[in-house]
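Structural characterization, general
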Amino acid sequence: MSRTAAITPPSAGSLGPGAPAVEVAGLSKQFLRRDKRDRRAGRRTRKRRVPALTNVTFNIERGECVAILGQNGSGKSTLVRLLSTLLLPDGGSAHVFGHDVIKEPRAVQRLINRVSVEASFFKKMSATENLSYAARFYGMTAGDTRDEIPRILNKVAFATDRRTEPMENLSRGMQQKVALARALLTSPVLLLLDEPTTGLDPRSKLEVQDFIREVRSSQDSTILLCTHDLAEAEVLAERVGILDRGELLVLEPAEDLKRRYGAATLEDAFFVATGKTFEQEGAEEGGED
Amino acid sequence: MMRGATGSLRAELIGLGGIMERNAYLVKRYALWEVAFFIWTVANTLTIVFIAEGVVAAGGRIDLNRQTTVLLIGAVIWAYLGIIFEILTETVAWERWEGTIEYTFMAPLSRTVHLTGMGLFAVLYGVVRAGLLFAVIAFFFDLALPDADFVAALVVLGVASVSFIGIGMMTAVLPLISPEKGTQLGFIAQGMLLVVSGIYYSVEVLPQPMQWLSVISPATYALEGIRDAILEGAALGTLWDEIVPLIIIGAVSIPAGLAVFRRGEQYAKKHGKLKRSG
């Protein structure tokens, strides 16, 4: 059975004819945070505004894979959460296949799904149970998921005999495979991957990366990949962006990016662009990444 | 256009089924805890219902059967309301703890259907638990309820549940606004609602300001209606004085609950609180 037979794919109308997959213009977000300097000084802590994203502008074309590199606190997760309709921006706009993420959240929600760094599940429930109820939220009936869940778990190489085990008994790598299965089960036309391989062992990481490649080749999904992993960005994405303290410094093919900064590697390019090594922790207190 | 609306409604109903399905899985997976909590509820209820026996033992002159039943109904309604509020509050609190909150709130499921699904499950689960609790406690006291109209009592409870769900929707937003203390605030709301509603006593014994509040509490009418049905054998047709106010409060509380929750959700989205760690 084909994937598209299981659930109704988004209609042409819902994809906003001609519109880019993602269109972000002047997007800004700030968070209120307690001022640690007051605490250190023994004063009553005041709240101050910390920028998480500042005037971010970019497009992603349909079927394209774009990677965004950035340290912790650079604003990557804030960007993903804004596109996921989980945050309201302070300024600017974001459209997914022509739909405004603020004014038309339901239309956007039907088109997207997400894998984040934490494979979040009801831990006592099994992989099958977690996938089953989540699929219902996207309009998939029990008839749809009966065959589709085993098929997609097979596809991510999830062991058949562990499908009914509580998630808490599974390794982090196995949980992340279920997270990928959950995202793909709903046939998203835009897949938001927020550090999907962080914390995985090398083998699991390669398996997940292979699967992302396969999804790209077999389906017409657009992918926004936020990652710490420079090699992952280079091999998976057509264009690579650098997000630093909420500002998108650059977004272009990896080779152009290296040429722009006169760097031999992406890591060197990142260093030249931001003045920091990739391993340095972000100094921001946005707390969103 | 019509086909689109039908498809959308179908998707929402499937989503509602998903909410019920998820909660059923959780009950199954936590089955032993369910038993443990039920035993705790039984013990808690017994401590209240034995008060009537205690009063008689201390020389008090009361209608023991009637007073025991009054206390039993109060304790069962307390437990039932506790379940409704707890399950609705878990709409946010449990999901935040498990980390699934972002996935649920980014799914294309309307908040009305989401909260209604939680409310319906709470009612189904609550009715089963409350029924079992009533039966177990009644067994301890050898109660004589020859005139009881349990169907009428169940209908009153069902109608009251609409209001309880509406108020529960309002309390469900509290963990969204305050991840640390929101759940506890829900319990406070439950206590405040019941203390003015004559949970173990007649509302006439309350100070006047509390009596005024009892007029707008759905629990007041639920308790009166259920006691009349069980103690006096009042048939459904004679309980309109309780059912009409419950319908009116329900008609107001559901839209109000949804509006409060939506407002809280917007606040959480603006301030970055709609996330796993709080």
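Basis of the calculations
Residues numbered from 1 in each chain as written. Chains lettered and ligands numbered in written order. Predicted model: local features only at pLDDT ≥ 70, side-chain atom pairs only at ≥ 80, totals over all residues. Helix = DSSP H or I, 4+ residues; strand = E, 2+ residues; numbered from the N terminus. Rg over C-alpha atoms; globule rule 2.2 N^0.38 Å. Buried ≥ 20, exposed ≤ 12 C-beta atoms within 10 Å, placed from the backbone. Contact = placed C-beta atoms within 7 Å. Pairing = 2+ DSSP bridges. Axes fitted to C-alpha atoms, helices over the stretch in contact; angles between N-to-C directions. Expected span 1.5 Å × (residues − 1). Arc of directions from axis to C-beta. pLDDT = per-residue confidence, 0-100. Parallel < 35°, antiparallel > 145°, perpendicular 65-115°, else oblique. Left-handed = near helix turned anticlockwise from the far one by under 90°. Nonpolar A, V, L, I, M, F, W, Y, C, P; charged D, E, K, R; others polar.

**Some details on the overall build of chain B**
A tally of helices and strands in chain B yields 11 helices and 0 strands. Reading chain B from its N terminus to its C terminus gives the helix and strand order α-α-α-α-α-α-α-α-α-α-α. In terms of C-alpha radius of gyration, chain B reaches 20 Å, essentially the compact-globule figure of 19 Å for 278 residues. Out of the 278 residues in chain B, the part that is buried amounts to 47%. Summarising the internal contacts of chain B: among those between residues at least 6 apart in sequence, 81% fall at separations of at least 24.

**Some points on the overall build of chain A**
Counting secondary structure elements, chain A contains 11 helices and 10 strands. Each of the 289 residues in chain A was classed as buried or not, and the buried ones make up 49%. A sequence separation of at least 24 residues applies to 72% of the contacts in chain A between residues at least 6 apart.

**Some words on the interface of chain B and chain A**
Facing 26 residues of chain B, the contacting portion of chain A comprises 27 residues. Those elements that place two or more of their residues in the side of chain B that touches chain A are α1 (2-29), α4 (101-105) and α11 (240-271) of chain B. Top element by residues in the side of chain B that touches chain A is α1(B). It accounts for 10 residues.

**Topic: the sheet that holds strand β2 (residues 47-60) of chain A**
Hydrogen bonds between backbone atoms are what pair the strands of a sheet, whose relative direction is either parallel or antiparallel. Reading across from one edge, β2-β1-β4-β5 (chain A) is the order of the 4 strands in this open sheet, with antiparallel pairing throughout. Two strands bound the open sheet, and with one partner strand each, they are β2 and β5 (99-100) of chain A.

**Observations regarding the pairing of strand β9 (residues 239-244) of chain A**
Residues and elements named next belong to chain A. Within β9, 6 of the 6 residues are buried, which leaves it mostly tucked inside the rest of the structure. Here β9 shows a buried face lined by R239, G241 and L243 and a second buried face lined by V240, I242 and D244. Taken together, the 4 bridges between strand β3 (residues 65-69) and β9 define a ladder with parallel strand orientation. By the bridge assignment, I68 is partnered in β9 with G241.

**Considerations on unusual backbone geometry**
Residues and elements named next belong to chain A. In this model, N55 sits at a positive phi of 50°, which is unusual for a non-glycine residue. Of note, N55 is situated in strand β2. Of note in this structure, F97 is not a glycine but carries a positive phi near 50°. With respect to the secondary-structure elements, F97 resides in the loop between β4 (91-96) and β5. Judged by the 24 C-beta atoms lying within 10 Å of it, F97 falls in the buried class.

**Some remarks on the sheet that holds β9(A)**
All names here are of chain A. As summarised here, the arrangement of the 6 strands in space is β6-β7-β8-β3-β9-β10, forming an open sheet in which the pairing is mixed. Sheet topology places β6 (112-115) and β10 (247-252) at the edges, where each strand pairs with a single neighbour. The average angle at which neighbouring strand axes cross in this sheet is 15°, direction not considered. Its contacts with the sheet place helix α11 (residues 266-274) against β3, β9 and β10, and it is angled at close to 40° to β9.

**What about helix α8 (residues 182-195) of chain B?**
Residue and element names in this part refer to chain B. Counted at 1.5 Å a residue, the expected span for α8 with its 14 residues is 20 Å, and the 20 Å between its end C-alpha atoms agrees. Buried residues of α8: G182, T183, G186, Q190, L193 and L194, and no others. Relative to the axis of α8, the buried residues are bounded by an arc of 130° and lie together on one face. When the buried face of α8 is taken as reference, the exposed residues oriented beyond 90 degrees from it are Q184, I188 and M192. Where the residues of α8 are buried, they touch α3 (64-98), α6 (150-172), α7 (174-177) and α10 (218-232).

**Looking at the confidence of the model for chain B**
Segments scoring low in pLDDT should not have their predicted coordinates read at a detailed level. Across chain B, the average pLDDT comes to 92, with 98% of residues at or above 70. At the low end of the mean pLDDT range in chain B sits α8(B), at 83; at the high end sits α11(B), at 96.

**A few points about the environment of A:D268**
Residues and elements named next belong to chain A. Relative to the helices and strands, D268 resides in helix α11. By the C-beta count within 10 Å, which is 16 here, D268 ends up partly exposed. Expressed as a C-alpha distance, the spacing of D268 and V56, which sit 212 residues apart in the sequence, is 23 Å.

**Some details on the packing of α3(B) against α10(B)**
All names here are of chain B. The contact between α3 and α10 brings their axes to 10 Å, and the two run at 135°. By the criterion of interaxial angle, the relationship of α3 to α10 is oblique. Crossing of α3 against α10: the hand is right-handed. On α10, the residues touching R66, T69, V70, I73, G74, I77 and L81 of α3 are A219, A222, L223, I226, R227, I230 and L231. A breakdown of the residues in the contact of α3 with α10 according to their chemical character gives 10 nonpolar, 2 polar and 2 charged.

**Description of helix α3 (residues 76-83) of chain A**
Residue and element names in this part refer to chain A. Counting buried positions along α3 yields 8 of 8 residues, so the element is predominantly enclosed. Along α3, the positions that sit buried rather than exposed are K76, S77, T78, L79, V80, R81, L82 and L83. T85 sits one or two positions beyond α3 and adopts a positive phi of about 70°.

**Comments concerning the confidence of the model for chain A**
Residue and element names in this part refer to chain A. For chain A, per-residue confidence averages 87 on the pLDDT scale, and 89% of positions sit at 70 or higher. Per-residue pLDDT stays below 50 along residues 1-8; that stretch engages in 13 contacts with residues further than four places along the chain or on separate chains. Counting contacts from residues 283-289, a segment whose pLDDT is below 50, to residues more than four positions away or on other chains yields 26 contacts.

**Section: the packing of helix α5 (residues 111-141) of chain B against α11(B)**
Residues and elements named next belong to chain B. Contact geometry for α5 and α11: axes closest at 11 Å, N-to-C directions at 120°. Our pair here, α5 against α11, has a crossing hand that is right-handed. Each of R111, T112 and L115 in α5 lies in contact with α11, whose residues at this interface are L258, F261, R262 and E265.

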